[in-house]
Amino acid sequence: MKAAAFAYLKPASLPEAFAALVNPHAKVLAGGQSLIPALNMRLSSPELLVDITGLPDLAGISLQAHSIKIGALTTHAQIEACELVRKHVPLLAQAVRHVAHAAIRNRGTIGGSLALADPAAEYPACAVALDSVLVIRNKATERRVKAERFFKGLFETDLKQGELLVAVEFPLAKAGDKSVFLELTRRHGDYAIVGLAAHNERMVFLGLDSKPVLLQKKTLRQTKDQLPRNPPADLYHSSATKRHLAGVLLERAWNTP
Amino acid sequence: MEHSITLVVNGTKVSRQVEPREHLIDFLREKIGLTGSHAGCEHGVCGACTLRVDGQIVRGCLMLAVQANGCRVDTVEGLSDSKEIAKLQKAFHEHNALQCGFCTPGMLLAAQDLILQSEKPTREEIRNHISGNYCRCTGYQAIVDAIEEVVNGSR
Ligand SMILES: Cc1cc2nc3c(=O)[nH]c(=O)nc-3n(C[C@H](O)[C@H](O)[C@H](O)COP(=O)(O)OP(=O)(O)OC[C@H]3O[C@@H](n4cnc5c(N)ncnc54)[C@H](O)[C@@H]3O)c2cc1C
Ligand code: FES
Ligand code: FES
């Protein structure tokens, strides 16, 4: 369980980072809470790790005119502790409590989680439910992508080699908005068996397919009917179990005031 | 290529050469001789390698030694010598909260982290906070009892 050899660089500026990321065998290292396990298990063996944790442009949470902007390097622990998030992005504040365990939350970042796009992760579903915007940069330009178009498939996103996710913008909650985050796990902090990030009419499931599954809210019956017929089974739960549990969460969200 | 790193381990400044692939847990165990923190699963699941870096608990197997350059690292040895976790250790002993002891250093660091950040955590909150630490012997009940006794200040 030891990683293969690689070189390590910790750039102090974005231009320096982009110059290093020109190498097609380079990989971005943020909190390392998903990448280092993959290296240890030798599922990945990059030539170079570019540690982005020294880049100030990717840090911090700020209140903008219409959104809360969260820098890619913000850790799960920082999001949980943030008053601005609690006040303006209640769905995310509910969801973050389910992300991993204390020691992992101190290092794992929102940018890393979104860039990884694990189908059972909490943030991607929240980003889709809230119609958030991901801010992506390469050495020349910045582009902005809606969450719905960012997640393409199993661990697959719109990010291209040489690009960095710099921040994510969550629209500010309005009076009367209803946000409910629910998930089922065997143990607190584990990845979800299945979960639901619901914001008003947008109901987004995690753990149900290779990427977040967005359903439009209709009647309870009609919404339930839109659930995928045969969601992929995981190691412990059959497809039928997953579909059943998704229905249970939908009802719970329905009955949450 | 090796990198030279300087960090403060349990209050003592150390400088060494490390390969980028060297994990912080292995660096501490093999280069510094601090074998209190254990390497179990080595992919972030069991919590046996829990350390404190700049005051926050982390997985020693999910951090590279080179990333700890300039950091302050505390291990179970340091927290034992300073007596910071003396009450927890006594409670673990009295409640039989350890058998083989493999998980115990990580468990103590996770428990101490909760004690530092929470006034009077409930049993549920204690369980949540140690959810990332596996114990294959005790069944957890005694561990939660021991932590609860310390947080309730009955000693
Ligand atoms: C035991 C355990 C349990 C966990 N449970 C959960 C859970 O319940 N829910 C959950 O969501 N996560 C969970 N995680 C994963 C954790 O949340 C990770 O922190 C997160 O998935 C990745 O963030 P990171 O900063 O650690 O990224 P890293 O591991 O550093 O990187 C992950 C990937 O993203 C890329 N990357 C990182 N940052 C950027 C960026 N800014 N731009 C472009 N690419 C980037 C990296 O190249 C890599 O491919 C768990 C992890 C462990 C070990
Ligand atoms: S050895 Fe680090 S979590 Fe298991
Ligand atoms: S005492 Fe043996 S693993 Fe916990």
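Please refer to the structure placed before this passage.
Participant: Provide a residue-level description of the site of ligand 1, including the pertinent values.
Facilitator: Close contacts around ligand 1 come from 32 residues, with Val28(A), Gln33(A), Leu35(A), Thr109(A) and Glu122(A) the closest. Looking at what sits near ligand 1, you find residues from chains A and B. One of the backbone N or O atoms of Leu35(A) is found 2.6 Å from an oxygen atom in ligand 1. Within the complex, 93% of the 960 Å² of free accessible area of ligand 1 lies under protein. Considering every element that reaches the shell around ligand 1, the biggest residue donor is helix H7 (residues 110-116) of chain A, with four residues.

Participant: Which residues make up the nonpolar core, and what values go with them?
Facilitator: Residue and element names in this part refer to chain A. The biggest cluster of nonpolar side chains holds 38 residues, and the ones touching the most others in it are Ile70, Leu92, Leu114 and Phe170. Elements with a minimum of two residues in this core: strand S5 (67-71), helix H5 (90-96), H7, helix H8 (122-129), strand S6 (133-137), helix H9 (147-150), strand S10 (164-171) and strand S13 (202-206). The element best represented in this core is H8, accounting for six residues. Inspection of this core shows a minimum of three residues originating in each of domain 2 (56-171) and domain 3 (179-254). Setting aside its immediate chain neighbours within four residues, leucine 114 contacts Tyr123, Pro124, Ala127, Leu134, Phe150, Phe151, Thr157, Leu165 and Val168.

Participant: Got a sec to walk through the pairing of strand S3 (residues 48-51) of chain A? Specific residues and values, please.
Facilitator: All names here are of chain A. What you see with S3 is no split at all: Leu48 and Val50 on one side and Leu49 and Asp51 on the other are buried throughout. Here strand S2 (residues 26-29) runs beside S3; their pairing, made up of four bridges, is parallel. Its bridge partner lying in S3, valine 28 is registered against valine 50.

Participant: How would you summarise the sheet that holds strand S11 (residues 179-184) of chain A if you had to cite specific residues and measurements?
Facilitator: Residues and elements named next belong to chain A. Taking strand neighbours across the sheet as the criterion, the four strands line up as S11-S12-S13-S14 in an open arrangement whose pairing is antiparallel. Strands at the two margins of the open sheet, each flanked by one partner only, are S11 and strand S14 (213-216). Averaged over all neighbouring strand pairs, the angle between strand axes comes to 15°, with direction disregarded. Judged from the four bridges that link them, S13 and S14 form a sheet pairing that is antiparallel. Residue pairing across strands places arginine 202 opposite glutamine 216, the latter belonging to S14. Contacts from H8 reach S11, strand S12 (194-199), S13 and S14, with the element oriented near 165° to S13.

Conventions we followed
Residues numbered from 1 in each chain as written. Chains lettered and ligands numbered in written order. Predicted model: local features only at pLDDT ≥ 70, side-chain atom pairs only at ≥ 80, totals over all residues. Heavy atoms only, no water. Near = heavy atom within 4 Å. Polar contact = N/O pair within 3.5 Å; in protein donor to acceptor, adjacent residues only side chain to side chain. Areas by Shrake-Rupley, 256 points an atom, 1.4 Å probe, with all protein chains shown as cover. Helix = DSSP H or I, 4+ residues; strand = E, 2+ residues; numbered from the N terminus. Core = buried A, V, L, I, M, F, W, Y, C linked by side-chain atoms within 4.5 Å. Buried < 20%, exposed > 50% of the residue type's maximum accessible area, 1.4 Å probe, protein only. Domains from an automatic or database assignment. Contact = heavy atoms within 4.5 Å. Pairing = 2+ DSSP bridges. Axes fitted to C-alpha atoms, helices over the stretch in contact; angles between N-to-C directions.

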